[in-house]
Amino acid sequence: MKYDVTLSIVNYNDYERAKEAIASVLQYTHGVRVKIYLVDNASKDGSATRLADQFPSISVIFSDKNLGFGAGHNLVLPLIDSDFHAIVNPDIILKGDILAELTDYMRSHQDVGMCTPAIRYMDDTPQQLPKRNPRLKYLIANRTPGKRWEPLRRYYKMLDEDLSDVTDVEFASGCFLFVRTPLLKFVGGFDERYFMYFEDADLTRTLRKNTRVVYYPHAYVYHDYSRASAHSARYLLIHIASMFKYFWKWRGQGDVSAPNDMAGSEIK
């Protein structure tokens, strides 16, 4: 069966939040036919079996090891048959039928290959996630307190831009991405060299060679956010390793935009 939207969530020992994410998708999605895939990265808390029992309509993929974020999501690529695919973190909560809204937007804007909605913290305050392409000075500024670094932080997070309407972005956060399924398959999904971190910046940059990637602020999701690399030496090392992989891969390449001769209608 072909669906309007397929959706994948990669879970690792995060039963409670994954349960809430799945429940919110099922509760609020009415305007499109959706199929949910849960990829379990060898969780030790029995998440996959418990979630499969609670939500019989979803498909569960059991991995025998922790593949990381991108490789986990890539497991669904051979399985999905849809017009659009949503890449969703287990810490995302829907409170409206945004899958239908994003589907309508993408169908009426064939030049857009991927979009990301507004992201809000659980207390309803905005989370500034659309960004410019990562550069070392931006990443240093983002982690260094002090007014000296504020201009770089603001520029990296696009705080100098009016984001009240649809805006092209260089870096869309992987916590919630909405992409044309054939286009995602065309580029091969995420680059699996990244275990975690920077795979979303990399995918955005790759897609922008063929299409537009936009921030769509008229729909929003909630993000129960916790930056693991700020609290764990292990995740900080993974973050740093991914940063070097990203910079090495894109070395010497300027910012890219969709060429004029590549229309979204060519890859549907």
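Preceding this section is the structure that the text describes.
The following paragraphs examine the structure supplied in this document. A quick note: this is a predicted structure, and the numbers were derived from the prediction, not measured.

### Section: the pairing of strand E3 (residues 59-63)
For step 1, the next point in the chain: As judged from the 5 bridges shared by strand E2 (residues 34-41) and E3, these two strands associate in the parallel manner. Residue Leu38 lies in a different strand from E3, and its bridge partner there is Val60.
For step 2, the next point in the chain: Note that the unit made of E2, helix H2 (residues 47-54) and E3 has a crossover that is right-handed.

### What to know about helix H9 (residues 233-249)
Along an α-helix, residues three or four apart share an orientation, since each turn contains 3.6 residues.
For step 1, the next point in the chain: Between its first and last C-alpha atoms H9 spans 24 Å; for 17 residues at 1.5 Å apiece the expected length is 24 Å, and the two agree.
For step 2, the next point in the chain: Those residues of H9 lying buried are Ile238, His239, Ser242, Met243 and Tyr246. Considered in projection along H9, the buried side chains sweep an arc of 140° and stay on one side of the axis. In H9, the exposed residues that point more than 90 degrees away from the buried face are Ala233, Leu237, Phe244 and Trp248.
For step 3, the next point in the chain: Looking at the buried side of H9, the elements it contacts are helix H5 (136-143) and helix H8 (199-207).

### Some details on the packing of aromatic side chains
For step 1, the next point in the chain: Evaluation of the coordinates by the stated rule reveals 8 aromatic pairs.
For step 2, the next point in the chain: Ring centres 5.5 Å apart and planes at 70° place the aromatic pair Phe69 and Phe190 in the edge-to-face group. Of the two residues, Phe69 is situated in helix H3 (residues 69-74) and Phe190 in the loop between helix H7 (181-186) and H8; the sequence distance between them amounts to 121 residues.
For step 3, the next point in the chain: By relative accessible area, Phe69 is classed as buried at 16%.
For step 4, the next point in the chain: Judged by relative accessible area, which is 4%, Phe190 ranks as buried.
For step 5, the next point in the chain: The rings of Tyr138, Tyr155 and Tyr156 are connected pair by pair, giving a single aromatic cluster.
For step 6, the next point in the chain: Lying across the ring of Tyr15, Arg50 places its NZ or CZ 3.6 Å from the centre.
For step 7, the next point in the chain: The ring of Tyr222 carries Lys95 above its face, with NZ or CZ at 4.5 Å from the centroid.

### Things to note about a nonpolar patch on the surface
For step 1, the next point in the chain: A surface patch of nonpolar side chains, amounting to about 380 Å² of accessible area, comprises Leu236, Leu237, Ile240 and Phe244.
For step 2, the next point in the chain: Its place among the elements puts Phe244 in helix H9.

### Thoughts on H2
For step 1, the next point in the chain: Along H2, the residues that are buried comprise Ser47, Ala48 and Leu51. Down the axis of H2, the buried side of the element spans an arc of 90°, and every buried residue falls inside it.

### Describing the pairing of strand E1 (residues 3-11)
For step 1, the next point in the chain: Extensive coverage of E1 is indicated by the burial of 9 of its 9 residues.
For step 2, the next point in the chain: Sheet topology note: the E1/strand E4 (residues 82-88) ladder contains 6 bridges and is parallel. Within E4, the position partnered with Leu7 by the bridge is Ala86.
For step 3, the next point in the chain: The pairing of E1 with E2 spans 7 bridges and is parallel. By the bridge assignment for E2, Thr6 is matched with Lys35.
For step 4, the next point in the chain: In this fold, E1 hands off to helix H1 (residues 15-28), which returns the chain to E2; that crossover is right-handed.

Calculation rules
- Residues numbered from 1 in each chain as written.
- Predicted model: local features only at pLDDT ≥ 70, side-chain atom pairs only at ≥ 80, totals over all residues.
- Heavy atoms only, no water.
- Pairing = 2+ DSSP bridges.
- Helix = DSSP H or I, 4+ residues; strand = E, 2+ residues; numbered from the N terminus.
- Right-handed = clockwise from strand over helix to strand, strands pointing away.
- Expected span 1.5 Å × (residues − 1).
- Buried < 20%, exposed > 50% of the residue type's maximum accessible area, 1.4 Å probe, protein only.
- Arc of directions from axis to C-beta.
- Contact = heavy atoms within 4.5 Å.
- Phe/Tyr/Trp six-rings, centres within 6.5 Å; stacked < 30°, edge-to-face > 60°.
- Lys NZ or Arg CZ within 6 Å of the ring centre and 35° of its normal.
- Patch = residues over 30% accessible without salt bridge, like charges linked within 9 Å, V, L, I, M, F, W, Y side chains within 5 Å.
- Areas by Shrake-Rupley, 256 points an atom, 1.4 Å probe, with all protein chains shown as cover.
- Salt bridge = Lys/Arg side-chain N within 4 Å of Asp/Glu carboxyl O.

Any functional reading would require information that these geometric values do not contain.
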